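What follows is the residue order along each chain.
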Amino acid sequence: MWFEITIIIFLIVLAIVLLLVEIFLLPGVTIAGIGGLLFAVGGLIYAYMVSVAVGNITLVSSVVAFGVVFFWLLRSKSFNKVALHTEIDAKLTSSRDLGIEPGDEGITLSRLAPIGQAKIKGINVEAKSQDELIDEGRTVEVIRVEGYNVIVKLKE
């Protein structure tokens with residue numbers, strides 16, 4: 001009986017470790033997650049083969065143990081060394097907020113096919129051609145401003 005319990009404990013502990021590695025360290029679904037699920041299922045099946053009482057105790061204790069370790073890892077500072085600690089303080093400014101208005105003129109910095117870069121009022125913006133492809137270095141006129149896109153046409 002002790003040999004079976006030792007095997008069950010080994011399988012469940014290995015399953016919990018692999019599942020926690022999958023959740024906290026490895027991105028996506030990997031061998032660790034699949035292996036953890038297989039070991040958990042195998043341990044539970046083996047426990048229920050020993051007896052229903054052992055199976056029920058194994059099921060409840062493994063779920064509780066996983067939950068306790070999971071929440072302990074979330075609250076601990078264990079993963080601060082491998083966690084990403086960057087802050088993004090940039091903001092995206094609308095072309096309208098930059099003062100670009102219909103009728104303004106500029107020059108294309110890249111080919112507009114149909115979207116590219118243009119310099120209007122000395123500001124580099126993302127420009128969208130209204131109906132045709134516009135080559136680099138051509139003079140364009142702003143037709144309208146839609147959020148972050150500046151709709152332009154070739155200046156005639």
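Note that the structure is predicted; figures quoted are calculated from it, not measured.

Is there a simple way to think about the pairing of strand β3 (residues 123–129) in this case?
Along any regular strand the residues' side chains alternate between the sheet's two faces. Pairing of strand β2 (residues 115–120) with β3, which is carried by six bridges, proceeds in the antiparallel orientation. Bridged to Ile 115 within β3 is Lys 128. Adjacent in sequence and paired antiparallel, β2 and β3 are bridged by two residues, among which Lys 121 carries a positive phi angle near 55°. Sheet topology places β3 next to strand β5 (residues 149–154); three bridges connect them, and they run parallel. Following the sheet pairing, Ala 127 is matched in β5 by Val 150.

I keep staring at the sheet that holds strand β1 (residues 105–108) and nothing clicks. Help me out?
By way of backbone hydrogen bonds, the strands of a sheet pair with one another, either parallel or antiparallel. Pairing in this closed barrel of five strands is mixed, and the strands run β1-β2-β3-β5-β4 around the ring. On average, each strand axis in the sheet is tilted by 55° relative to the strand beside it, whichever way the strands run.

Definitions and limits used
Residues numbered from 1 in each chain as written. Predicted model: local features only at pLDDT ≥ 70, side-chain atom pairs only at ≥ 80, totals over all residues. Heavy atoms only, no water. Pairing = 2+ DSSP bridges. Helix = DSSP H or I, 4+ residues; strand = E, 2+ residues; numbered from the N terminus. Axes fitted to C-alpha atoms, helices over the stretch in contact; angles between N-to-C directions.

Any functional reading would require information beyond the geometric quantities listed.
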